[in-house]
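What the coordinates show
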Amino acid sequence: MMEKTVLINCSPKQKLSVSGFLMKCAGVLIRGKKEYFHLRTPADYPAILQALKGAGKVVFVTPLYVDSIPSHMLPFMQEMEELCRGNGLRLKVYVIANNGFIEGKQNEPLMQVMENFCARSGLTWCGGIGIGGGVMLNVERIMITVMFGLMLLNVLLSAVQGGDVLDAVLSFGKSLLGLVILACGIIAFGIRLAVHINRGTDAGKKYTRIMLPSFVFIAFADIFFIIVSVLQGGIFRGWLSRFQPDAGCSIITENGK
Amino acid sequence: MKTVIHDLGKEQNEKILASTDRVVCADGRYAPCQGCFKCWTKHPASCAMKDVLHQACRVLGTSDDLTIITENRYGSYSQAVKNILDRSIATSTPFSTYRKGQMHHTLRYGKRNRLHLIVYGSLTDAEKNTWQLMAERNAINMGFREYSITFCADAEEAGRTA
Ligand SMILES: Cc1cc2nc3c(=O)[nH]c(=O)nc-3n(C[C@H](O)[C@H](O)[C@H](O)COP(=O)(O)O)c2cc1C
């Protein structure tokens, strides 16, 4: 019988997280019984820990936060360590990390943290992938949805007006191809990882990225944040200012106070 | 300005204050980052969550010398400390640049002097290696000119080292 795989989306975002998307993609490629979870608060722990008891493999899908795992993952990992040591669970652990910067290699410290976690918990570290420029996957999936809608509209219009239906489909295909090329490393390494997960073998650590030169990616990122900051108004509220802490900032204890 | 962030309990504040300007006690009584980026795009340098970490980035950003005392967790920070770091990304701006040949954000408060990590608790050799890498990467990411790291056996020794 095939072992159950538990997939955990570790992004704190409620919706539209890259990790959530990557988890679903991985789920499509992984065979056998699967269970999906979203780890955000301690209320999520019991169900996940319960599922781990009957599983053979676990896939953590996580964003990189300040060169490491997001802080909310830690108390969960400590409980998982206890559970696994206490019950002699020897799960195989895989990681799919994504980060904001373009270099996937920047996920290396996070990967090491997960490997150290496995060593302490008696789990089998099986590696994973680190994806640079992960945010672009969100842009891509939104673009694909919009373009697909537009294509359907075009096809419909062409059909009604007697135009060339194939034109609309072809232009959609071309744009889609472009997006697939940008993500080709992620797709290739993703498939490779899935093969390892299915076989239960060590995948090693692999780093990939969105296939754009970094200066182009930086230009896109800057434009993206300018647009969002205009829409949300931050650009008019001291966007780049060196704000000082308010006098009553209560986390600080100062000399003479 | 010199700041020490620590997770040793607030009883240690007084003692640590003898050798620094400001102390931040990481007691964990605050929420983790939700990943909304509004500290960049909506209300710069303040967090959308109005707990004690609302302005944490301003405290870190104005710390030319930053010492972080943390218990070891798998080669990374304790949750109470990491939470403060995650909630402080507005020490940078949303703009991107290169540092040491890789992509990073430009610094709201400019380059800072020195990051010193004091890590205590049980540590494996692998975890020590991860910490060396973590300190180096954090220093580049947060824009510190120098960094150093000290390993301590327990909280008591870490308190004395600060
Ligand atoms: C608090 C915080 C810290 C982050 N730190 C880093 C970092 O150090 N390096 C990096 O490349 N990206 C960093 N990012 C960017 C995220 O990794 C990136 O946005 C990722 O795509 C989020 O994935 P998600 O949608 O699954 O949450 C950070 C994001 C946040 C909110």
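Preceding this section is the structure that the text describes.
Quick look at the structure, then. (Residues numbered from 1 in each chain as written. Chains lettered and ligands numbered in written order. Predicted model: local features only at pLDDT ≥ 70, side-chain atom pairs only at ≥ 80, totals over all residues. Heavy atoms only, no water.)

An order of β7(A)-β2(B)-β1(B)-β3(B)-β6(B)-β7(B) is seen for the 6 strands of this open sheet, with the pairing classed as mixed. On the outer flanks of this sheet lie β7 (252-254) of chain A together with β7 (144-152) of chain B, each paired with one strand and no other. Looking at each pair of strands side by side, their axes are set apart by 20 degrees on average, direction ignored. Examined bridge by bridge, strand β6 (residues 112-120) of chain B and β7(B) share 8 bridges and lie parallel to one another. Paired with B:Leu115 across the strands is B:Tyr147, a residue of β7(B). In this fold helix α4 (residues 79-86) of chain B packs onto β1 (2-6), β2 (22-25) and β3 (65-71) of chain B, with an angle of close to 145 degrees to the strand it touches most, β3(B). Against the sheet, helix α5 (residues 125-142) of chain B contacts β3, β6 and β7 of chain B, and its axis sits at roughly 155 degrees relative to β7(B). (Pairing = 2+ DSSP bridges. Helix = DSSP H or I, 4+ residues; strand = E, 2+ residues; numbered from the N terminus. Axes fitted to C-alpha atoms, helices over the stretch in contact; angles between N-to-C directions. Contact = heavy atoms within 4.5 Å.)

A word on the site of the ligand. Surveying the vicinity of the ligand reveals 21 residues, the closest of which are A:Ser11, A:Val18, A:Ser19, A:Leu64 and A:Asn98. Mapping the residues near the ligand onto chains gives chains A and B. Note that an oxygen atom of the ligand is positioned 3.1 Å from one of the backbone N or O atoms of A:Asp67. Isolated, the ligand exposes 650 Å² of accessible area, and the fraction of that covered by the protein chains is 96%. (Near = heavy atom within 4 Å. Polar contact = N/O pair within 3.5 Å; in protein donor to acceptor, adjacent residues only side chain to side chain. Areas by Shrake-Rupley, 256 points an atom, 1.4 Å probe, with all protein chains shown as cover.)

Our next topic: helix α5 (residues 135-161) of chain A. All names here are of chain A. Taking 1.5 Å as the rise per residue, α5 with 27 residues should run 39 Å; its terminal C-alpha atoms sit 39 Å apart, in good agreement. Looking at α5, one finds that the buried residues are Met136, Leu137, Asn138, Glu140, Arg141, Met147, Met151 and Ser158. Where α5 ends, the next residue or the one after it, Gly162, has phi of about 75 degrees, a positive value. (Expected span 1.5 Å × (residues − 1). Buried < 20%, exposed > 50% of the residue type's maximum accessible area, 1.4 Å probe, protein only.)

All names here are of chain A. Counted as a void, the second largest pocket has a volume near 410 Å³. Along the wall of the second largest pocket there are 23 residues; nearest its centre are Phe21, Leu22, Cys25, Ile186 and Ile187. At the level of secondary structure, the elements contributing two or more residues to the lining of the second largest pocket comprise α1 (18-29), β5 (124-132), α5, α6 (165-182) and α7 (184-199). The dominant element in the lining of the second largest pocket, judged by the number of residues it contributes, is α7, at 7 residues. Across the lining of the second largest pocket, the residue classes break down as 20 nonpolar, 1 polar and 2 charged. (1 Å grid on protein atoms, 1.4 Å probe; cavity = no way out; pocket = protein on both sides within 12 Å on 5 of 7 lines; lining within 4 Å. Points joined across faces, edges and corners; volume = space filled by probe spheres on them. Nonpolar A, V, L, I, M, F, W, Y, C, P; charged D, E, K, R; others polar.)

At the junction of the two partners, chain A supplies 57 residues and chain B supplies 67 residues. Between chain A and chain B, a total of about 5400 Å² is buried, with carbon and sulfur atoms accounting for 58% of that surface. On the chain A side of the interface with chain B, the three residues burying the most area are A:Val66, A:Phe101 and A:Ile251, jointly 13% of the side's total. Counting the contacts that link chain A with chain B gives 2 salt bridges. One salt bridge in this structure joins A:Arg120 and B:Glu127, with 2.6 Å as the shortest N-O distance. The tally of links from chain A across to chain B stands at 32 residue pairs in polar contact (both at pLDDT 80 or more). Where the side of chain A that touches chain B is concerned, the elements lending two or more residues are α3 (73-87), α4 (108-121), α8 (214-232) and β7 of chain A. Across the side of chain A that touches chain B, the residue classes tally to 27 nonpolar, 18 polar and 12 charged. Relative to β2(B), β7(A) runs antiparallel, the two sharing 3 bridges. Counted as the bridge partner of A:Thr253 is B:Val23 from β2(B). (Buried area = accessible area lost by both parts, 1.4 Å probe. Salt bridge = Lys/Arg side-chain N within 4 Å of Asp/Glu carboxyl O.)

Okay, the pattern of salt bridges next. All names here are of chain A. Under the criterion given, the structure shown has 9 salt bridges over all chains. Its salt-bridge partner being Glu81, residue Arg85 comes within 3.9 Å of it at the nearest N-O pair. With Arg85 and Glu81 both in helix α3, this residue pair falls 4 residues apart, about one helical turn. Exposure remark for Arg85: the relative accessible area of 55% places this residue in the exposed category. Overall, Glu81 belongs to the buried group, its relative accessible area being 16%. Glu108 is paired through a salt bridge with Lys205; the nearest N and O atoms lie 3.1 Å apart. In this pair, Glu108 is assigned in helix α4 and Lys205 in strand β6 (residues 205-209), connecting sequence segments 97 residues apart. Classification of Glu108 as buried rests on a relative accessible area of 12%.

Residue and element names in this part refer to chain A. Residues Leu16, Ile142, Val146, Leu150, Leu153 and Leu157 make up a contiguous nonpolar surface patch of about 560 Å² in total accessible area. Here Leu150 shows up in helix α5. Overall, the relative accessible area of 49% leaves Leu150 in the partly exposed class. (Patch = residues over 30% accessible without salt bridge, like charges linked within 9 Å, V, L, I, M, F, W, Y side chains within 5 Å.)

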